[in-house]
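Chain by chain, the residues:
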Amino acid sequence: MRHEAIYALNSNVVSINGAGDNAVAIDANGNVVSWDVDAVATKEAELLAAFNLDELRTERNRLISETDWWDMSDTPTMNEAQATYRQALRDITDSATSLNDVTWPSKP
């Protein structure tokens, strides 16, 4: 994610050679673009957090979609346990930030 952070912070960068703190950013004219290690590390952490949250939401949405039929007009009314489960899934991002720290509710 280091390269993504450098690109995000420096709109004039068109390529990056190398990795880590030794990465060299280049602009369209072939000039080296200096970048701040601390700012890039902060941006990298932000990008990683956003990526992890997106993965969590994707899995949460998949689990909710598996239960959508519970609330369809041609099926019996959703019971309280089912409604509680679906609400717990919707609220999962209140307590978790990634797939690594989530505790999924039990499906009734």
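Residues numbered from 1 in each chain as written. Predicted model: local features only at pLDDT ≥ 70, side-chain atom pairs only at ≥ 80, totals over all residues. Heavy atoms only, no water.

A closer look at the pattern of salt bridges
Using the criterion set out here, one finds seven salt bridges in the structure. Glu-66 is the salt-bridge partner of Arg-62, the closest N and O atoms lying 2.4 Å from each other. Highlighted residues: Arg-62 and Glu-66, both in helix α2 (residues 37-66), separated by four residues, approximately one helical turn. Given the relative accessible area of 38%, Arg-62 is considered partly exposed. Across the pair Arg-86 and Asp-68 runs a salt bridge whose closest N-O atoms are separated by 3.1 Å. Of the two residues, Arg-86 is situated in helix α3 (residues 80-90) and Asp-68 in the loop between α2 and α3; the sequence distance between them amounts to 18 residues. Taken together, the salt bridges that share partners define one network made up of Glu-59, Arg-62, Glu-66 and Lys-107. (Salt bridge = Lys/Arg side-chain N within 4 Å of Asp/Glu carboxyl O. Helix = DSSP H or I, 4+ residues; strand = E, 2+ residues; numbered from the N terminus. Buried < 20%, exposed > 50% of the residue type's maximum accessible area, 1.4 Å probe, protein only.)

Here we look at the packing of α2 against α3
The angle between the axes and the distance between the axes are what describe a pair of packed helices. Contact geometry of α2 with α3 gives a least axis separation of 9 Å together with a crossing angle of 165 degrees. On the basis of their axis angle, the class for α2 and α3 is roughly antiparallel. Once α2 is placed against α3, the crossing between them reads as left-handed. Contact residues: Arg-60, Leu-63 and Ile-64 in α2; Tyr-85, Arg-86, Leu-89 and Arg-90 in α3. For the contact of α2 with α3, the per-class residue count stands at four nonpolar, no polar and three charged. (Axes fitted to C-alpha atoms, helices over the stretch in contact; angles between N-to-C directions. Parallel < 35°, antiparallel > 145°, perpendicular 65-115°, else oblique. Left-handed = near helix turned anticlockwise from the far one by under 90°. Contact = heavy atoms within 4.5 Å. Nonpolar A, V, L, I, M, F, W, Y, C, P; charged D, E, K, R; others polar.)

Any link to function would need more than the numbers given here.
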